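Chain by chain, the residues:
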Amino acid sequence: MVSGVNEIAALGPFFAFEVHEGDGPARAPWREMAELVDDPAVLAGRAADVRGHLAGGRPVESVELRVAASVMHLGLTARLASPALAVATRYGAVLPLDLREARWQPVPGGMFPLSLPRRTLVPVADPAELAAALGVELLDGPCRAMVEATLPLCPSPQILWGNVASAVHGAAVALANSRPQLAGRARLLAGLVLAQPQLKAPHLTTQLGTAAPSEDGSAGARGSPADR
């Protein structure tokens, strides 16, 4: 899938990912993404870094921790949702997104290096079935785990699941902007994913398309993860 990886990377840095062989332990500078949900200190440390960046030289207390945690969470979620939607749109397949197999490098900002295990991707022809499979792999997998891990820092499931919805929506917008010929399918799949039960719970009332700061502190539309 080397050519496919290169094609997805050409869509923009939020879509790019590398692939690695095997299920062995991560090798430096790579780290297992599972540490973000297994070790509260890792997530808290990244939230503190984002908080400091958002403060921009002011006292860090000027930025509420829950706000920094939400911005951090949105960046982490978008970093996984973007390539997942791109591969589903372009190849009709679902990326493997198990956090215990995914690798990352915790550099500042949302566009951190990402590596996923090499797998043979099986195309799913029916868009509804593809969206349901993506809902299981993405929403029930890393998204749910990161929502639960972030709740102690940002105690609002409405905000955090709203971030997930915004990440999916934003990936579709960015993909459509980058490859107009894929716009229709990207929007169709994003709409089907957003209609999955995980994102249709009655308490999730967050509106899409509102402005949100990025992990690098800039203000940008939630609809464009490539801006973050």
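Here, the structure is the one placed above.
Read on for an overview of the structure. For clarity, every value in this text was computed on a predicted model and none was experimentally measured.

### Quick word on the overall build of the protein chain
Working step 1: The number of helices and strands found in the protein chain is seven helices and six strands.
Working step 2: Out of the 228 residues belonging to the protein chain, those deemed buried represent 50%.
Working step 3: Long-range pairs, those at least 24 residues apart, make up 75% of the contacts in the protein chain with a sequence separation of at least 6.
Working step 4: If you sum the accessible surface of the protein chain, you get close to 9,800 Å²; carbon and sulfur atoms cover 57% of it.

### A short note on the sheet that holds strand β4 (residues 114-117)
Working step 1: Pairing within the open sheet is mixed, and its four strands lie in the order β1-β4-β3-β2. Whereas interior strands pair on both sides, the edge strands pair on one side only; in this sheet they are β1 (18-20) and β2 (31-32).
Working step 2: Bridge count between β2 and strand β3 (residues 103-104): two bridges; the pairing is antiparallel. Note that in β3 the partner of E32 across the bridge is R103.

### Thoughts on the nonpolar core
Working step 1: Among the nonpolar cores identified, the biggest contains 68 residues, and F17, M33, L76, L80, L134 and L138 are the most heavily contacted of them.
Working step 2: Elements with a minimum of two residues in this core: α1 (2-9), α3 (40-55), α4 (65-91), β4, α5 (127-150), α6 (157-178) and α7 (183-194).
Working step 3: In terms of residue count, α4 provides more of this core than any other element does, 14 residues in total.

### Observations concerning α4
Working step 1: Taking 1.5 Å per residue, 27 residues should reach 39 Å; α4 reaches 39 Å between its end C-alpha atoms and fits that length.
Working step 2: Within α4, 22 of the 27 residues are buried, which leaves it mostly tucked inside the rest of the structure.
Working step 3: G92, located one to two residues past α4, shows a positive phi value of around 65 degrees.

### Side note on the pattern of salt bridges
Working step 1: Under the criterion given, the structure shown has seven salt bridges.
Working step 2: Taking the shortest distance from any N to any O, the salt bridge between E35 and R31 comes out at 2.8 Å.
Working step 3: Between D140 and R144 there is a salt bridge; the shortest N-O distance is 3.1 Å. Here R144 and D140 lie together in helix α5, a separation of four residues that amounts to about one turn.

### Structural notes on empty space enclosed by the protein
In this approach a probe as big as a water molecule rolls over the atoms, and the regions it shows empty are the leftover space.
Working step 1: This model, assessed by the stated rule, comprises two cavities of 30 Å³ or more.
Working step 2: Put simply, the second largest cavity is a space of about 40 Å³.
Working step 3: Lining the second largest cavity are E7, I8, L11, R90, R179 and L182.
Working step 4: Classifying every residue of the lining of the second largest cavity gives three nonpolar, no polar and three charged.

Cut-offs applied
- Residues numbered from 1 in each chain as written.
- Predicted model: local features only at pLDDT ≥ 70, side-chain atom pairs only at ≥ 80, totals over all residues.
- Heavy atoms only, no water.
- Helix = DSSP H or I, 4+ residues; strand = E, 2+ residues; numbered from the N terminus.
- Buried < 20%, exposed > 50% of the residue type's maximum accessible area, 1.4 Å probe, protein only.
- Contact = heavy atoms within 4.5 Å.
- Areas by Shrake-Rupley, 256 points an atom, 1.4 Å probe, with all protein chains shown as cover.
- Pairing = 2+ DSSP bridges.
- Core = buried A, V, L, I, M, F, W, Y, C linked by side-chain atoms within 4.5 Å.
- Expected span 1.5 Å × (residues − 1).
- Salt bridge = Lys/Arg side-chain N within 4 Å of Asp/Glu carboxyl O.
- 1 Å grid on protein atoms, 1.4 Å probe; cavity = no way out; pocket = protein on both sides within 12 Å on 5 of 7 lines; lining within 4 Å.
- Points joined across faces, edges and corners; volume = space filled by probe spheres on them.
- Nonpolar A, V, L, I, M, F, W, Y, C, P; charged D, E, K, R; others polar.

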